[in-house]
Amino acid sequence: MENIVISVNGKDSMGIIAAICTYFSENGINVVEISQNISGTYFSMMMIVDIENMTLPYDDMIEGLAKVGERVGVSITCQNEEIFSAQYRG
């Protein structure tokens, strides 16, 4: 399994999770974990996704997610799970 951490931040609106998960489904990306928070009008979400069976190159995935984010009004960033974990070890 090759996991990536996806962070999503922006103003809350209907359809954010649906748009992102549809993109994942269309490209062979499996959601392993998901957590979200809404504070007032602000939305944040962290997802761990498995890209082992992804059907497109990594850079294309990042570009595609950026376009999905633009469409639904959020910022989406990606980071390798190992690097993410190393940054936040105590």
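Note: the structure precedes this text.
Residues numbered from 1 in each chain as written. Predicted model: local features only at pLDDT ≥ 70, side-chain atom pairs only at ≥ 80, totals over all residues. Heavy atoms only, no water.

1. Quick notes on the pairing of strand S1 (residues 3–11)
And step 1. Inspection of the sheet shows S1 paired to strand S3 (residues 42–50) by nine bridges, in the antiparallel sense. By the bridge assignment, Asn3 is partnered in S3 with Asp50.
And step 2. Of the pairings in the sheet, the one linking S1 to strand S4 (residues 74–80) comprises seven bridges and is antiparallel in character. Across the sheet, residue Ile6 finds its bridge partner in S4, namely Cys78. (Pairing = 2+ DSSP bridges. Helix = DSSP H or I, 4+ residues; strand = E, 2+ residues; numbered from the N terminus.)

2. Regarding the nonpolar core
And step 1. Core analysis: the largest hydrophobic core is formed by 22 residues, its most contacted members being Ile6, Val8, Ile20, Phe24, Val49, Met61 and Leu65.
And step 2. For Phe24, the residues in contact, after removing those within four places along its chain, are Ile6, Ile29, Val31, Met47, Val49 and Leu65. (Core = buried A, V, L, I, M, F, W, Y, C linked by side-chain atoms within 4.5 Å. Buried < 20%, exposed > 50% of the residue type's maximum accessible area, 1.4 Å probe, protein only. Contact = heavy atoms within 4.5 Å.)

3. Details of helix H1 (residues 16–26)
And step 1. Regarding H1, the residues found buried are Ile16, Ala19, Ile20, Tyr23 and Phe24. All buried residues of H1 project into a common sector of 135° when viewed along the axis, lining one side. Exposed residues on H1 whose side chains face more than 90 degrees from its buried face are Ser25 and Glu26.
And step 2. Gly28 lies just past H1 and shows a positive phi near 70°. (Arc of directions from axis to C-beta.)

4. Topic: the environment of Gly10
And step 1. With respect to the secondary-structure elements, Gly10 resides in strand S1.
And step 2. The sequence separation of Gly10 and Tyr42 amounts to 32 residues, and the corresponding C-alpha distance is 5.8 Å.
And step 3. Residues contacting Gly10, with those up to four places away along its chain left out, are Thr41, Tyr42, Phe43, Gly73 and Val74.

5. Quick look at helix H2 (residues 58–72)
And step 1. Look at H2: 21 Å from first C-alpha to last across 15 residues, which is about the 21 Å you get at 1.5 Å a residue.
And step 2. Looking at the buried residues of H2, the elements they touch are S1, H1 and S4.
And step 3. Looking at the residues trailing H2, positive phi occurs at Gly73, about 80°. (Expected span 1.5 Å × (residues − 1).)

6. Points about the packing of H1 against H2
And step 1. Packing of H1 against H2 leaves a shortest axis separation of 10 Å and a crossing angle of 155°. Comparing the axis directions of H1 and H2 gives the class roughly antiparallel. Crossing angle aside, the handedness with which H1 passes H2 is right-handed. Along its contact with H1, which presents Ile16, Ala19, Ile20, Tyr23 and Phe24, the element H2 presents Asp60, Met61, Gly64, Leu65, Val68, Arg71 and Val72.
And step 2. Classifying every residue of the contact of H1 with H2 gives nine nonpolar, one polar and two charged. (Axes fitted to C-alpha atoms, helices over the stretch in contact; angles between N-to-C directions. Parallel < 35°, antiparallel > 145°, perpendicular 65-115°, else oblique. Left-handed = near helix turned anticlockwise from the far one by under 90°. Nonpolar A, V, L, I, M, F, W, Y, C, P; charged D, E, K, R; others polar.)

All quantities given are derived from atomic positions and should not be read as evidence of function.
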